[in-house]
Amino acid sequence: MTCTFLEAPVERRRGAPVPVGVEPVAFVRQRLGLEPDEPQRCVLESKAKRGILNCTRQWGKSTITAAKALHRAYAEPGSLVLVASPTDRQSAEFVHKVKGFATRMGMPTRGDGHNKCSLLLPNGSRIVGLPGTEETVRGFSGVSMLLIDEAAIVPDELYRALRPMLATKNGDLWLMSTPRRRHGFFYRLWTHGGSAWERISVPATECPRISKAFLEEERAALGGRAFRREYMTEFEDGGVGVFDLRMIERALDPELMPIDFQGNW
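Model, not experiment: these values are computed from the prediction. (Residues numbered from 1 in each chain as written. Predicted model: local features only at pLDDT ≥ 70, side-chain atom pairs only at ≥ 80, totals over all residues. Heavy atoms only, no water.)

1. With respect to the state of the cysteines
Disulfide: a covalent bond connecting the sulfur atoms of a pair of cysteines. This structure, assessed with the given rule, holds zero disulfides. The structure places no disulfide on C207, whose sulfur is separated from the nearest cysteine sulfur, that of C55, by 9.2 Å. (Disulfide = S-S within 2.5 Å.)

See below:
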């Protein structure tokens, strides 16, 4: 099994040093009792400032990124980690996973006293789950890490409202999702985001916890298009155009100048 990095990042994180004994993979194994597979180790060990995880359903993206969030909060006292998702319930479920890991470590946690969906660690770090609307997420700053779960269905407006929260700490940003259609910020950054983004792709055929027999059953039940989207990390066309969007993108020549219909070149 291999971890697919589609592009190398151009910038690496330069935060405070991680305390001895809490390197990410060792932390997850020894403190949380998990045994990550190879792609999960890639996510945990990555020091990229910007990362995109495009993965199959039921791979464990929320579990491994919840572990990554707790590691950041534990290793950097006083840090702020935010998680956003399409709905309040999904953000709350993510924070619940983090709380479960903290409990497994014997670490006491409580709410931060300001946010309904939050954890305050004994070292002063906070992990906060955000609601899924642009109007209600503003007000945070000094963010060490921002995670956007199910990013393929998060509105562009919410994404644009979240990014400025990273400014003063130059925080890390990770997007995680099973793909959807060929539009929105998740698709644009995956395909055209440039070298600033580290990309990790994990189809179901590379997940040791999903059997070949189950995948064949799902292929027959869902049909080819839905199967490729849910399990093989392929983005889906909108289904209304005459030409496949991939054909159009391959035909574009970035060196050609656009036509000015007013007669100017």
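2. Topic: the packing of aromatic side chains
Considering all chains together, one arrives at six aromatic pairs under this definition. With 5.5 Å between their ring centres and 35° between their planes, F27 and Y74 make a pair best called tilted. Of this pair, F27 sits in helix 1 (residues 24-31) while Y74 is found in helix 3 (residues 61-75), placing the two residues 47 residues apart along the sequence. Owing to a relative accessible area of 28%, Y74 belongs among the partly exposed residues under this scheme. On the numbers, 5.1 Å between centres and 65° between planes, the contact of Y187 with F235 is edge-to-face. Taken as a pair, Y187 in helix 6 (residues 184-192) and F235 in the loop between helix 8 (224-231) and helix 9 (245-251) lie far apart in primary sequence, 48 residues in all. Residue Y187 is classed as buried on the basis of its relative accessible area, which comes to 4%. We classify F235 as buried; its relative accessible area is 9%. Here a set of aromatic residues connected by ring pairs shows up, and it is made of F186, Y187 and F235. (Phe/Tyr/Trp six-rings, centres within 6.5 Å; stacked < 30°, edge-to-face > 60°. Helix = DSSP H or I, 4+ residues; strand = E, 2+ residues; numbered from the N terminus. Buried < 20%, exposed > 50% of the residue type's maximum accessible area, 1.4 Å probe, protein only.)

3. Structural notes on unusual backbone geometry
Excluding glycine, residues mostly have negative phi values, and the peptide bonds linking residues are mostly trans. The residue E150 is not glycine, and still its phi comes out positive at about 50°. In this structure, E150 sits in the loop between strand 6 (145-149) and helix 5 (156-162). Classification of E150 by relative accessible area gives buried; the value is 16%. Positive phi values are uncommon outside glycine, yet T233 reaches one of about 60°. Summarising the element assignment, T233 is placed in the loop between helix 8 and helix 9. Taking relative accessible area as the criterion, T233 reaches 12% and is therefore assigned buried.

4. Observations regarding the nonpolar core
One finds L53, W59, L70, F94 and L147 to be the most contacted residues of the largest nonpolar core, which totals 42 residues. Look past the residues within four positions of F94 in its chain and what remains in contact with it is S62, T65, A66, A69, V83, L147, D149 and M176. Within the second largest apolar cluster, 29 residues are counted, among which are A152, F185, L189 and W197. (Core = buried A, V, L, I, M, F, W, Y, C linked by side-chain atoms within 4.5 Å. Contact = heavy atoms within 4.5 Å.)

5. So, the environment of E198
When you line up the elements, E198 lands in strand 8 (residues 198-202). Sequence-wise, E198 and K47 are 151 residues apart; in three dimensions their C-alpha atoms are separated by 9.5 Å.

6. Points about the pairing of strand 7 (residues 172-177)
In terms of burial, strand 7 is largely enclosed, as six of its six residues are buried. Because side chains alternate across strand 7, one face comprises the buried residues D172, W174 and M176, and the other comprises L173, L175 and S177, equally buried. Strand direction decides the pairing type here: strand 2 (residues 50-55) and strand 7, joined by five bridges, are parallel. Bridge pairing in strand 7 links I52 to L175. (Pairing = 2+ DSSP bridges.)

7. A look at the packing of helix 3 against helix 4 (residues 88-104)
At their nearest, the axes of helix 3 and helix 4 sit 9 Å apart, and the two run at 60° to each other. One way to sum up the angle between helix 3 and helix 4 is to call them oblique. Both helix 3 and helix 4 take part in a crossing whose hand is right-handed. Here helix 3 contributes S62, T63, T65, A66, A67, A69 and L70 to the contact with helix 4, which in turn contributes F94, K97, V98, F101 and A102. (Axes fitted to C-alpha atoms, helices over the stretch in contact; angles between N-to-C directions. Parallel < 35°, antiparallel > 145°, perpendicular 65-115°, else oblique. Left-handed = near helix turned anticlockwise from the far one by under 90°.)

8. Comments concerning the pattern of salt bridges
One pass over the full model with this rule turns up 17 salt bridges. Two residues, D172 and R72, come together in a salt bridge whose shortest N-O distance is 2.7 Å. Residue D172 is found in strand 7, and its partner R72 is found in helix 3; the two are separated by 100 residues along the sequence. When its relative accessible area of 2% is taken as the criterion, D172 is described as buried. With its nearest N and O atoms 3.0 Å apart, the salt bridge here joins R229 to E230. Judged by its relative accessible area of 18%, R229 falls in the buried class. In this structure, a network of salt bridges that share partners links the residues R57, R225, R229, E230 and E236. (Salt bridge = Lys/Arg side-chain N within 4 Å of Asp/Glu carboxyl O.)

Function cannot be read off these values alone, since they describe shape.
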